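Examining the three-dimensional arrangement
Here is how the chains run, residue by residue.
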There are 2 protein chains.
Amino acid sequence: MAGTDRTQSLLTGDEAPAIILVAPQLGENIGMAARAMLNCGLTDLRIVRPRDGWPSESATAASAGAAVVIDNVRVFATTSEAIADLTLVYAATARDRAMTKRVVTPGEAAREVRAAGQGNGGAHKCGILFGGEAKGLHNDDVALADHVITAPLNPAFSSLNLAQAVLIVAWEWMIAGSTAPASEMRIPDDTRPATKDEMLGLFEHLEGALDDSGFFHVREKRPIMVRNLRNLLQRAQPTEQEVRTLRGVIASFAYHLKKK
Amino acid sequence: MAGTDRTQSLLTGDEAPAIILVAPQLGENIGMAARAMLNCGLTDLRIVRPRDGWPSESATAASAGAAVVIDNVRVFATTSEAIADLTLVYAATARDRAMTKRVVTPGEAAREVRAAGQGNGGAHKCGILFGGEAKGLHNDDVALADHVITAPLNPAFSSLNLAQAVLIVAWEWMIAGSTAPASEMRIPDDTRPATKDEMLGLFEHLEGALDDSGFFHVREKRPIMVRNLRNLLQRAQPTEQEVRTLRGVIASFAYHLKKK
C-alpha cells in the first residue's frame, strides 16, 4: 500500500513494547520485521545472536526505509541480557510447550501491554520474544517470559513467516491504541453530504421526468416504485455534487424525451 | 512460528473471501501472500495481469507449502473479470483517492464479510482487491469496489509490503470467526490445577518451616507476611505437580535447617 506521509511524526511512545528476535537467520526477515514494526509505530528492535551477524545489508534493504528501527538495533549474546530492563515479557510461539503457562491471543497481549504502561500496577516496560525461522524459541527462552502469545491460526497451516508473526503482534498493538473509526464515509474536500432538501429536489426531478416518460403507466404501482427509488438513492448517500450530477443525467434524458 | 499440524483440516468455508492481486510484480510477494492466506484459512487467490507471468517458481518457493492456494490460482486479464462472480468487493488502499467512498478498517471489513455470508441480505460472495507493489490500485479498480479498506497505520510510515497487507486483512478475517479464548492457563496433560486444600497444605508447610527457621521473629508482622506469601503463591496458580515440587523445595531447606 502506498500513502506514506513523512511529514507526520511517529506514534511511538515509552509504553511501546520492544521486539526481541532470538537467533534469527535471514537478514531479509529481520528487515521485513523492522518495516512491519515501524508500520505499526514500534521502534525498539533487539536481536539475540543473529546468525549472519549485524549490521546486515539484506536487513537494511528489506526494511524499505525503516532506518529509525534498523539503525537503533541492539544486539545481545543472550536472551537474559536482551530482556534485563523489561518487567513484562511475552513469548510468541505456536507450539505447545508442555509447560504450565498462561497463553493469550495477540489481541489480548496488545491490550495488556497498553494497560501495563498505565495506572496502578503500571510503569511496565514490555517486550515480546520471537524465535528464529527454523526452530522458534527454545523452551528456556519461553521459561524467561511471563506469558505466551499464540495466534489462533489455521491448525493445518499455522507456521508463520517470522516477519509476519512480528506484524500480527505489532498490528494488534497498533489497533489496540487506535482511535480510527471502524467505518466512515470519506468525501472529497470540495463537496459535502447532500441535505435532505437537495435529495427531495432530486427525487421530485426524477419522478417528474419519469411521469413524462410513461414509466409510471401502472398508476397504482407508482407509490411503491417511488419509495423503492428513493430508498435506493438514499442508500448511496450522495454528496451535493453527486446530486447535481444525477440531476444533469435526468435532464439529459428528459431533453431527448421532449424532442421525440 | 512452528507448530503446523497437517492432520487437521482446513478452516475455509464458502463464506471465505477471495483475495485478488491486481498487477502484482514479484512472485515472492505472491507466494508470501498465499502463505499468509492459508495461515488464516483462505484459499481463493486470483491474480490480474501478474507482471512476471504465471505459474511462478518464486511464488511457489515463497508460499512455504501453501500448494492448495498456489495450485488453484486463477489468472485474469482484467479486474472486472476477476470479480465478476462476487457481490461484495473491498479495495485495500492506504491512499486517499478523493472519491466519495465508504472507508472501513480491516477489522470492520472482516466482521462485514463474516456477516455478509449469513442471514437476511446474506449469501454474498466477497472479495478484497490489492494493488501491485509500486503503485497500488488504479482509481478505476477502486471504483469497481463497494468499499475501501484502510489500515490505521503509522502515518509517517504507512507503506505495507503487499504480503503484509494481505496478512492483516486475512488475519482480521480469521480472528473475526475465532472462538479461541483471549486468555487461558495451559497445563501439561499429566497434571491439573491445585485444589485449595493442596494450596493450604503448601501454605502451612511453608509457614511451619519458616517458624522453625526464625523468619517470623517479629511476631506482630507474621499475619501480614503470611498473607503476602499466600497471595504471591496463589497468583502463580500452581498445578498439583508444582505444589509437590514446592513442598519438596521447602522440605529440602527444612532438612538442612534441622541439621544445623
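The structure this text deals with has already been given above.
Let me begin by describing the structure that accompanies this report. Source: prediction; values computed, not measured. (Residues numbered from 1 in each chain as written. Chains lettered and ligands numbered in written order. Predicted model: local features only at pLDDT ≥ 70, side-chain atom pairs only at ≥ 80, totals over all residues. Heavy atoms only, no water.)

**Examining the overall build of chain A**
The helix and strand inventory of chain A stands at 10 helices and eight strands. A compact globule built from 260 residues should have a C-alpha radius of gyration of about 18 Å, whereas chain A, at 28 Å, is more than 25% larger. Viewed in the frame of its principal axes, chain A has a C-alpha envelope of about 85 × 40 × 40 Å. Looking at chain A as a whole, 48% of its 260 residues are labelled buried. For chain A, the proportion of contacts with a sequence separation of at least 24, taken over those separated by at least 6, is 82%. On chain A, roughly 12600 Å² of surface is accessible, and the fraction owed to carbon and sulfur atoms is 53%. Counting 28 positive and 30 negative side-chain charges, chain A places the averaged centre of each group 8 Å from the other. (Helix = DSSP H or I, 4+ residues; strand = E, 2+ residues; numbered from the N terminus. Rg over C-alpha atoms; globule rule 2.2 N^0.38 Å. Buried < 20%, exposed > 50% of the residue type's maximum accessible area, 1.4 Å probe, protein only. Contact = heavy atoms within 4.5 Å. Areas by Shrake-Rupley, 256 points an atom, 1.4 Å probe, with all protein chains shown as cover. Lys, Arg positive; Asp, Glu negative; His and termini not counted. Charge placed at Lys NZ, Arg CZ, Asp CG, Glu CD.)

**Concerning the interface of chain A and chain B**
The partner chain B presents 70 residues to the 70 residues of chain A that form the contact. Both sides of the chain A and chain B interface together cover about 6300 Å² of buried area, and 58% of this is carbon and sulfur. At the junction of chain A with chain B, the criterion picks out zero salt bridges. On inspection of chain A and its partner chain B, the count reaches 22 residue pairs in polar contact (both at pLDDT 80 or more). Secondary structure elements with two or more residues in the side of chain A that touches chain B: α1 (27–39), β5 (101–104), α5 (106–116), α7 (162–176) and β8 (183–186) of chain A. Ranked by the residues each element gives to the side of chain A that touches chain B, the list is headed by α7 of chain A, at nine residues. Grouping the constituent residues of the side of chain A that touches chain B by class yields 37 nonpolar, 19 polar and 14 charged. (Buried area = accessible area lost by both parts, 1.4 Å probe. Salt bridge = Lys/Arg side-chain N within 4 Å of Asp/Glu carboxyl O. Polar contact = N/O pair within 3.5 Å; in protein donor to acceptor, adjacent residues only side chain to side chain. Nonpolar A, V, L, I, M, F, W, Y, C, P; charged D, E, K, R; others polar.)

**Focus: the sheet that holds strand β6 (residues 126–130) of chain B**
Across the sheet, which stays open at both edges, the eight strands sit in the order β8(A)-β5(B)-β7(B)-β4(B)-β6(B)-β1(B)-β2(B)-β3(B) with mixed pairing between neighbours. In the strand order of this sheet, the two ends are held by β8 of chain A together with β3 (74–76) of chain B, each with one partner. Each strand of the sheet is rotated relative to its neighbour by a mean of 30 degrees, with strand direction disregarded. One ladder, built from two bridges, connects strand β5 (residues 101–104) of chain B with strand β7 (residues 147–149) of chain B; its direction is parallel. Across the sheet, V103 of chain B pairs through a bridge with V148 of chain B, a residue of β7 of chain B. Against the sheet, helix α1 (residues 27–39) of chain B engages β1 (18–22) and β2 (45–48) of chain B, with an angle of about 155 degrees to β2 of chain B. Of the strands in this sheet, β1, β6 and β7 of chain B touch helix α7 (residues 162–176) of chain B, which is tilted by about 155 degrees from β6 of chain B. (Pairing = 2+ DSSP bridges. Axes fitted to C-alpha atoms, helices over the stretch in contact; angles between N-to-C directions.)

**Considering the side chain of N39 of chain B**
Within the secondary structure, N39 of chain B sits in helix α1. Given a relative accessible area of 0%, N39 of chain B falls into the buried group. Among residues more than four places away in sequence, those in contact with N39 of chain B are L153, N154, F157, S158, S159 and L160 of chain A together with M174 of chain B.

**Section: the pairing of β5 of chain A**
Burial along β5 of chain A is two-sided: K101 and V103 of chain A facing one way and R102 and V104 of chain A facing the other are all buried. Across four bridges, β5 of chain A lies against strand β8 (residues 183–186) of chain B in antiparallel orientation. Bridge pairing in β8 of chain B places R102 of chain A opposite M185 of chain B.

**Considerations on the environment of R46 of chain A**
All names here are of chain A. Relative to the assigned elements, R46 resides in strand β2 (residues 45–48). If we skip the residues at most four places from it in the chain, R46 touches A18, I19, I20, L21, R74, F76, A82, D85, L86 and K125. Engagement of the side chain of R46 in a polar contact is seen with the side chain of D85, the distance being 2.7 Å.

**Things to note about the sheet that holds β2 of chain A**
Pairing is mixed in the open sheet, where eight strands are placed in the order β3(A)-β2(A)-β1(A)-β6(A)-β4(A)-β7(A)-β5(A)-β8(B). Each edge of the open sheet carries a strand with a single partner, namely β3 (74–76) of chain A together with β8 of chain B. In this sheet, neighbouring strand axes are inclined to one another by 30 degrees on average, regardless of whether the strands run parallel or antiparallel. In this sheet, strand β7 (residues 147–149) of chain A lies alongside strand β4 (residues 88–92) of chain A in parallel orientation, the contact comprising three bridges. Paired with A91 of chain A across the bridge in β7 of chain A is V148 of chain A. Contacts from α1 of chain A reach β1 (18–22) and β2 of chain A within the one sheet, and its direction differs from that of β2 of chain A by about 155 degrees. Packed on one face of the sheet, α5 of chain A meets β4, β5, β6 (126–130) and β7 of chain A together with β8 of chain B and runs near 100 degrees to β5 of chain A.

**Topic: the packing of α5 of chain A against α7 of chain A**
Between two packed helices, the angle of one axis relative to the other and the distance separating the axes together describe the packing. Residue and element names in this part refer to chain A. Closest axis-to-axis distance for the α5/α7 pair is 8 Å, and the angle between their directions is 50 degrees. Overall, the two elements α5 and α7 adopt an arrangement that is oblique. Judged by the twist between their axes, the crossing of α5 over α7 is right-handed. Along the contact surface, α5 presents P106, G107, A110, R111, V113 and R114, while α7 presents I168, E172, W173, M174 and A176. Tallied by class, residues from the contact of α5 with α7 come to seven nonpolar, one polar and three charged. (Parallel < 35°, antiparallel > 145°, perpendicular 65-115°, else oblique. Left-handed = near helix turned anticlockwise from the far one by under 90°.)

Bear in mind that shape data such as this cannot, by itself, settle questions of function.
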